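# Descriptive structure summary
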Amino acid sequence: MAGRSMLFSETIHVALEAIGANKLRSLLTMLGIVIGVAAVIAMVALGQGARNSVKDRISALGTTLVTINAGQWRGPGGVASASDRAALTMDDANAIAERATSITAVQPEMSRQFQVSYSNQNTNTTVNGTSANYLDVRRFELAAGRMFTDGDDGARRREVVVGAQVLNDLGLTVPDALVGEEVRIGSLQFEVVGVLRPKGTGGFGDPNDQVLIPLSTARYRLMGSDRLRAINVLSKSEADISLTMAEVRKILRREHRLDASKQDDFSIRNQADFLNTLGETTQVFTYLLAGIALVSLLVGGIGIMNIMLVSVTERTREIGVRKALGATRSNILMQFLIEALVLCMAGGLIGVAIGMGSAILLHTLFNWNTAVGPSSVVIAMAFASIVGVVFGVWPARRAASLDPIEALRYE
């Protein structure tokens, strides 16, 4: 038993010596594995970071939030013209508020892109006409000032609450500096009554790049339309979400005079639906990126097999000497497998370090959301090991099958 252990340790020693004798070639051989593993780690970190960002963003909106969006009529030829599309109006929002029994709040909103100007600065942003309960429903907080009230909405006052990104775009860094000032939206002057606290970004759109104005002001003074972009409602509890969605659907079908033969001309989604849909999308995206990166590992494996075959040819005489001195076929096979495995594992470790460093660098320099999970490191290292074994078998078997007499004669 001790003899076998000594023989195995000697085999490892010989394999490591062979790698050390050709340092530059060994480093270049590992390069494909390094690049492959680093790419896998970095790509999976980006994908996982995107998933976490979407999850945090949606969770921040509240688990009891239900969103109703306008649908559109579809005929045999596809989507109808814009004028024929179904719409959500204030009548729909009022009907939901009056008849639904499982909700605690209704928040309608309409939005459009406008240029917002202050002093000699301007920016294009989303102007969101909404109700006074926007902060409570959408879980926003104020950094300065106040939110407009229901009375301001009823009086159609020209008041605006500015998002954090808009504040920066207008050349200001202190929220209090803009409160009480006048900004121009389109052709109208508005008084800034509040500034929103920054909210994490992720998914689609930036919640900080918007301004809020009273809904009645948007309807009658700025946009001149009764069509809503969406109606958000809060269910009493997570357990009541299904009941809330059923109630809203029933109310809107009655409001839109849809009989049993007609499909809904609106869509109702809760946060779990958004989370599942976007989670699946980012997961597919992560798998795609990881799959592309794994190709680099395969290319690296082929490179290792090529170098190992060259090594077998160069060391034919050495193999013959070892066999003549008593080395068995399994000893030779093990030696070359160990060489391939060590090259892959060393390259894998370097690749993991580079991949994790790249993920941290992307987050630090570009503020990209990245998350390196233990599973991605384990998978990358396991795949690197498999590549080492699989692509090392053929050169190892070729070395082990050499005839010792012919090998000794090789020049």
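Note that the structure is predicted; figures quoted are calculated from it, not measured.

Helical geometry: 3.6 residues make up each α-helical turn, so side chains three or four residues apart lie on a common side. In this model helix H8 (residues 241-255) runs 21 Å from its N-terminal to its C-terminal C-alpha over 15 residues, within 8% of the 21 Å that 1.5 Å per residue would give. Along H8, the residues that are buried comprise Ile-241, Thr-244, Met-245, Glu-247, Val-248, Ile-251, Leu-252 and Arg-253. Of the residues flanking the end of H8, it is Arg-257, one or two places downstream, whose phi is positive at about 55°.

To continue, consider the packing of aromatic side chains. As enumerated under the stated definition, the model contains 2 aromatic pairs in all. Plain terms: the ring middles of Phe-366 and Trp-368 are 5.6 Å apart, the flat faces sit at 35° to each other, and that makes the pair tilted. A residue is classified by how much of its surface remains accessible, and Phe-366, at 52% relative accessible area, is exposed. What makes Trp-368 partly exposed here is its relative accessible area of 42%. Across from the ring centre of Tyr-220, 3.9 Å away, lies the NZ or CZ of Arg-156, which sits over that ring. Lying over the aromatic face of Phe-140, Lys-199 brings its terminal NZ or CZ to 4.3 Å of the ring centre.

If you walk through the whole model with that rule in mind, you get 10 salt bridges. Residue Asp-152 pairs with Arg-146 through a salt bridge whose shortest N-O separation is 3.2 Å. On the basis of relative accessible area, Asp-152 is assigned to the buried category, the value being 6%. A relative accessible area of 36% means that Arg-146 is categorised as partly exposed.

Using a probe with the size of a water molecule, rolled over the atoms, empty space left in the structure can be pinpointed. Taken as a whole, the second largest pocket encloses approximately 300 Å³ of empty space. Breaking the lining of the second largest pocket down by element, the ones donating at least two residues are helix H2 (23-61), helix H9 (271-314) and helix H12 (374-400). For the lining of the second largest pocket, the element with the highest residue contribution is H9, accounting for 5 residues. Within the lining of the second largest pocket, the residues separate by chemical class into 8 nonpolar, 6 polar and 1 charged.

A separate point is the pairing of strand E5 (residues 103-118). In summary, the side chains of a regular strand alternate between the two faces of the sheet. Relative to strand E13 (residues 230-235), E5 is paired through 6 bridges, and the arrangement is antiparallel. From the neighbouring strand, Glu-109 faces E13, where its bridge partner is Ala-230. Bridge analysis of E5 against strand E6 (residues 121-130) gives 10 bridges, and the strand direction is antiparallel. Within E6, the residue paired with Glu-109 across the bridge is Thr-130. What sits between E5 and E6 in their antiparallel hairpin is a turn of 2 residues, with Ser-119 showing a positive phi close to 55°.

What follows deals with the confidence of the model for the protein chain. Chain-level pLDDT for the protein chain is 83 on average; 88% of the residues reach the 70-or-more range. Considering only residues more than four positions removed or in separate chains, one finds that residues 73-83, a stretch of pLDDT under 50, has 14 contacts.

Thresholds applied
All residue numbers refer to position in the chain's written sequence, counted from 1. Under the rules for a predicted model, residues below a pLDDT of 70 receive no local features and side-chain atom pairs below 80 are neither given nor counted, while totals for whole chains, interfaces and linings still include all residues. Computation of side-chain values: all heavy atoms of the structure, hydrogens and water removed. Under the DSSP-based scheme used, a helix requires at least four consecutive residues in state H or I and a strand at least two consecutive residues in state E, with every element numbered from the N terminus. Each helix should span, by expectation, one fewer than its residue count multiplied by 1.5 Å. A simple rule labels every residue: compare its accessible area, found with a 1.4 Å probe on the protein chains alone, to the largest value its type can have, and call it buried under 20%, exposed over 50%, or partly exposed in between. Ring geometry is summarised as follows: Phe, Tyr and Trp rings, the Trp one being its six-membered ring, pair when their centres sit within 6.5 Å, and such pairs are stacked at plane angles under 30 degrees, edge-to-face over 60 and tilted between the two. Throughout this description, the term charge over a ring refers to an Arg CZ or Lys NZ atom that lies within 6 Å of the ring centre and within 35 degrees of the ring normal. What counts as a salt bridge is simple: a side-chain nitrogen of Lys or Arg found within 4 Å of a carboxyl oxygen of Asp or Glu. Residues are said to line a cavity or pocket when one of their atoms sits within 4 Å of a point; the points come from a 1 Å grid over protein atoms alone, cavities being sets where a 1.4 Å probe fits but cannot get out and pockets being open sets with protein on both sides within 12 Å along at least five of seven lines. Grid points are joined across faces, edges and corners, and a volume is the space filled by probe spheres set on the points. Three classes are used, and their members are as follows: Ala, Val, Leu, Ile, Met, Phe, Trp, Tyr, Cys and Pro are nonpolar, Asp, Glu, Lys and Arg are charged, and the others, Gly among them, are polar. Between any two strands, pairing holds if DSSP finds at least two bridges. Per residue, pLDDT measures the predictor's confidence, with a range of 0 to 100. In this analysis, two residues are considered to be in contact whenever any of their non-hydrogen atoms come within 4.5 Å of each other.

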